[in-house]
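Summary of the model geometry
Chain by chain, the residues:
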Amino acid sequence: MIHFENVNKHYGDFHVLQNINLNIKKGEVVVIIGPSGSGKSTLLRCINRLETISTGSLKINDVEVNSKKTDINKLRKNIGMVFQHFYLYPHKTVLENIMLAPVKVLGKSKEEAKKTALYYLEKVGIPDKANSYPSQLSGGQQQRVAIARGLAMSPEIMLFDEPTSALDPEMIGEVLDVMKNLAREGMTMVVVTHEMGFAREVADRVIFIDKGQILEDANPNEFFTAPKEERAKLFLSRIFNH
Amino acid sequence: MLDFTILSENMDMFMEGFKTTLFVSFLALISSFVLGTILAIFRIAPIKPLNWIGGIYVEFIRNIPILIILFFIFTGLPVLGIRLSGFTAGTIALTVYTAAFIAEAIRAGIMAVPKGQTEAARSSGLNYVQTMWYVILPQAIKIVIPPLGNQFINLVKNSSILTIVAAGELMYQGDLISSRTFVTFDVYIFVAIFYLIITIPLSLGVNYLEKHLAKSN
């Protein structure tokens, strides 16, 4: 479904992504981990062209993401994205946040979009906040709204860019629970995170990336018990022994 | 002591000037806001030629005196066969001049909206124009209100230069009255008061909007 082939990306002299080859199948939950600055967020952001690639091929359902012929808006409506800092629209209520894209992009009627929005709000566990403004919600609630906003477009793929990194420890659980449910329902998910528990429990595959290169691509059991690469061993020991 | 007979005896002229100033300001306010918004979008749009047009306009217009713009329109354009009344030329000059400042204020407001807002909107499939219209501009406008208020107040005051092209606004009527009666001090005090009648509510209105809109955040 998502297909990276020899993808390279440069920021000037900086080689952010080096020869990335990666295939993600429908329904897979792939967790990308790695030290900060390793290129994991960049890799994720290439998938919906928030970042462009320099060379190589990146296809989603056989559509070349970086081709000039590709209608990027059409591609993006099929890919939900959740950000570290939520980025809810502060001037819109929770309901309006969720309804905007379905109405303007999919051309749904207001009533229909509202029904869908309420359904997903129920699903992420905060139907009572429908008419609140984002500033009236806790971080965990905001992130759950952001997930509902992504889901309301009925995308085939959901991207998560460190969705719990900006949250108080108490609120991480509620967001991870929503994500776990989503994974169970068969959503194709690509998740950049530092939550190793989530990776171990939910991921079908763990990708370890350092200095722009994929060093490991393994199932979580394998990765956490017997990492092959020295760099991955060091990374894990630093995370688990503090 | 102020001579109020000057006011009462010339009330019709003061009122005529007051109405004209109000009308010119209102027209120029609306049109400079529209033109300024378009220019601001030109400056930040992901299309190079538009950036250039916006940039050249702003740098050129805001760095020359408004008086030159007014003379250019009123006495320069007739050379090309375009003859405008003082009122029309003045309104256009005010619009052209103020739009440059408004464009800068709005551009700064748009830039102040976090980049993540654009990314969130674009990644949900909204196109550039939809993102601007539904997500970025409504947030930018709140940031922009105080500087915009300053520009609108300046606009009202700048409309006084229209006296030079006999547009019939407040300053012009004041000049007429004082040259006819030889009373200068009192006349200009009353003229100033009439300007304050426009600018102070404007100023208060901007303050109110600023507080009111801040609440919804």
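Residues numbered from 1 in each chain as written. Chains lettered and ligands numbered in written order. Predicted model: local features only at pLDDT ≥ 70, side-chain atom pairs only at ≥ 80, totals over all residues. Heavy atoms only, no water.

Points about the sheet that holds strand 7 (residues 157-161) of chain A
Residue and element names in this part refer to chain A.
- A sheet is described by the order of its strands in space; here 6 strands give the open sequence 6-7-8-3-9-10, paired in mixed fashion. A single partner strand is all that each edge strand has here, and the edge strands are strand 6 (79-82) and strand 10 (213-218). Neighbour-to-neighbour, the strand axes of this sheet turn through a mean angle of 15°, independent of strand direction.
- The sheet contact formed by strand 9 (residues 205-210) and strand 10 spans 5 bridges and is antiparallel. Following the sheet pairing, Asp210 is matched in strand 10 by Gln213.
- Against the sheet, helix 5 (residues 139-151) contacts strand 6 and strand 7, and its axis sits at roughly 155° relative to strand 7.
- Strands strand 3 (29-33), strand 9 and strand 10 of the sheet are contacted by helix 9 (residues 230-240), whose axis makes an angle of about 100° with strand 9. (Pairing = 2+ DSSP bridges. Helix = DSSP H or I, 4+ residues; strand = E, 2+ residues; numbered from the N terminus. Axes fitted to C-alpha atoms, helices over the stretch in contact; angles between N-to-C directions. Contact = heavy atoms within 4.5 Å.)

Some thoughts on the pairing of strand 9 of chain A
Residues and elements named next belong to chain A.
- Judged by how many residues are buried, strand 9 sits mostly within the fold: 6 of 6 residues are covered.
- Burial of strand 9 is two-sided: the residues Arg205, Ile207 and Ile209 facing one way and the residues Val206, Phe208 and Asp210 facing the other way are all buried.
- Two strands pair when backbone bridges link them, and strand 3 and strand 9 are joined in this way by 4 bridges, in the parallel orientation. Directly across from Ile32, in strand 9, lies its bridge partner Ile207.
- As consecutive antiparallel partners, strand 9 and strand 10 are separated by 2 residues, and within that stretch Lys211 has a phi angle of approximately 50°, a positive value. (Buried < 20%, exposed > 50% of the residue type's maximum accessible area, 1.4 Å probe, protein only.)

Let's talk about the interface of chain B and chain A
- If you look at the interface, chain B gives 19 residues, while chain A gives 24 residues.
- It is Glu119(B), Ser123(B) and Tyr134(B) that lose the most area in chain B upon contact with chain A, and together they represent 28% of the buried surface on that side.
- For the pair chain B and chain A, the interface holds 1 salt bridge.
- The residue Glu119(B) makes a salt bridge to Arg45(A) at a minimum N-O spacing of 2.7 Å.
- Taken together, the links from chain B to chain A amount to 6 residue pairs in polar contact (both at pLDDT 80 or more).
- Elements represented by at least two residues in the side of chain B that touches chain A include exactly helix 6 (115-123) and helix 7 (128-158) of chain B.
- Of the residues that constitute the side of chain B that touches chain A, the class distribution is 6 nonpolar, 10 polar and 3 charged. (Buried area = accessible area lost by both parts, 1.4 Å probe. Salt bridge = Lys/Arg side-chain N within 4 Å of Asp/Glu carboxyl O. Polar contact = N/O pair within 3.5 Å; in protein donor to acceptor, adjacent residues only side chain to side chain. Nonpolar A, V, L, I, M, F, W, Y, C, P; charged D, E, K, R; others polar.)

Things to note about the environment of Leu22(A)
Residues and elements named next belong to chain A.
- You can see Leu22 is positioned in strand 2 (residues 14-24).
- Of the residues examined, Leu22 reaches a relative accessible area of 3% and is grouped as buried.
- For the pair formed by Leu22 and Phe4, sequence separation is 18 residues and the distance between their alpha carbons is 4.9 Å.
- If we ignore the near neighbours within four places in the chain, the residues touching Leu22 are Ile2, His3, Phe4, Leu43, Arg205, Ile207, Ile214 and Asp217.

Let's talk about the confidence of the model for chain B
Residue and element names in this part refer to chain B.
- On average, residues of chain B score 93 in pLDDT, and 98% of them reach the 70 mark or higher.
- Across chain B, the element-wise mean pLDDT spans from 88 in helix 1 (residues 4-9) up to 97 in helix 6.
- For this predicted complex, the interface score ipTM comes out at 0.92, alongside a pTM of 0.83. (pLDDT = per-residue confidence, 0-100.)

Remarks on the pattern of salt bridges
Residue and element names in this part refer to chain A.
- In this structure the tally under the stated criterion is 17 salt bridges over all chains.
- The closest approach of N and O atoms between Glu156 and Lys26, which form a salt bridge, is 3.4 Å. Of the two residues, Glu156 is situated in the loop between helix 5 and strand 7 and Lys26 in the loop between strand 2 and strand 3; the sequence distance between them amounts to 130 residues.
- Its salt-bridge partner being Arg231, residue Asp210 comes within 3.1 Å of it at the nearest N-O pair.

Some thoughts on the nonpolar core
- One finds Ile2(A) and Phe4(A) to be the most contacted residues of the largest nonpolar core, which totals 55 residues.
- When residues of this core are assigned to their parent elements, the largest contribution, 8 residues, is made by helix 7 of chain B.
- Counting 52 residues, the second-largest nonpolar core is a separate cluster that includes Val94(A), Val145(A), Val178(A) and Ala203(A). (Core = buried A, V, L, I, M, F, W, Y, C linked by side-chain atoms within 4.5 Å.)

Observations regarding the packing of helix 5 (residues 86-112) of chain B against helix 7 of chain B
Residue and element names in this part refer to chain B.
- Contact pair helix 5 / helix 7: the axes reach a minimum separation of 8 Å and the direction vectors enclose 145°. Viewed along their axes, helix 5 and helix 7 form a crossing whose handedness is right-handed. Residues Leu94, Tyr97, Thr98, Phe101, Ile102, Ala105, Ile106, Gly109, Ile110 and Ala112 of helix 5 touch helix 7, and the partners they reach there are Met132, Ile136, Leu137, Ala140, Ile143, Val144, Pro147, Leu148, Gln151, Phe152, Leu155 and Asn158. (Left-handed = near helix turned anticlockwise from the far one by under 90°.)

Quick look at unusual backbone geometry
- Its identity is not glycine, yet Glu162(A) carries a phi of approximately 45°, on the positive side.
- As for its placement among the helices and strands, Glu162(A) is situated in the loop between strand 7 and helix 6 (169-184).

Description of the sheet that holds strand 2 of chain A
- Read from one edge of the open sheet, 4 strands run 2-1-4-5 (chain A), paired in antiparallel fashion. In this open sheet, the two edge strands, each paired with only one partner strand, are strand 2 and strand 5 (63-64) of chain A.

Comments concerning the packing of aromatic side chains
- One pass over the structure, following the stated rule, counts 12 aromatic pairs over all chains.
- Ring centres of Phe14(B) and Phe190(B) lie 6.3 Å apart, and the angle between their planes is 70°; on these two criteria the pair is classed as edge-to-face. Of the two residues, Phe14(B) sits in helix 2 (residues 11-44) while Phe190(B) sits in helix 9 (residues 185-215), which places them 176 residues apart along the sequence.
- Each residue in the set Phe208(A), Phe223(A), Phe224(A), Phe235(A) and Phe240(A) is aromatic and connected to the rest through ring pairs, giving one cluster.
- Positioned over the ring face of Tyr89(A) is Arg149(A), at 4.5 Å from the centre of the ring. (Phe/Tyr/Trp six-rings, centres within 6.5 Å; stacked < 30°, edge-to-face > 60°. Lys NZ or Arg CZ within 6 Å of the ring centre and 35° of its normal.)

Regarding the side chain of Gln173(B)
All names here are of chain B.
- As for its position among the elements, Gln173 is in helix 8 (residues 170-181).
- A distance of 3.1 Å separates a polar atom in the side chain of Gln173 from the backbone oxygen of Gly168.
- If near-sequence neighbours (up to four positions away) are discounted, Gln173 is found in contact with Met13, Glu16, Gly17 and Gly168.

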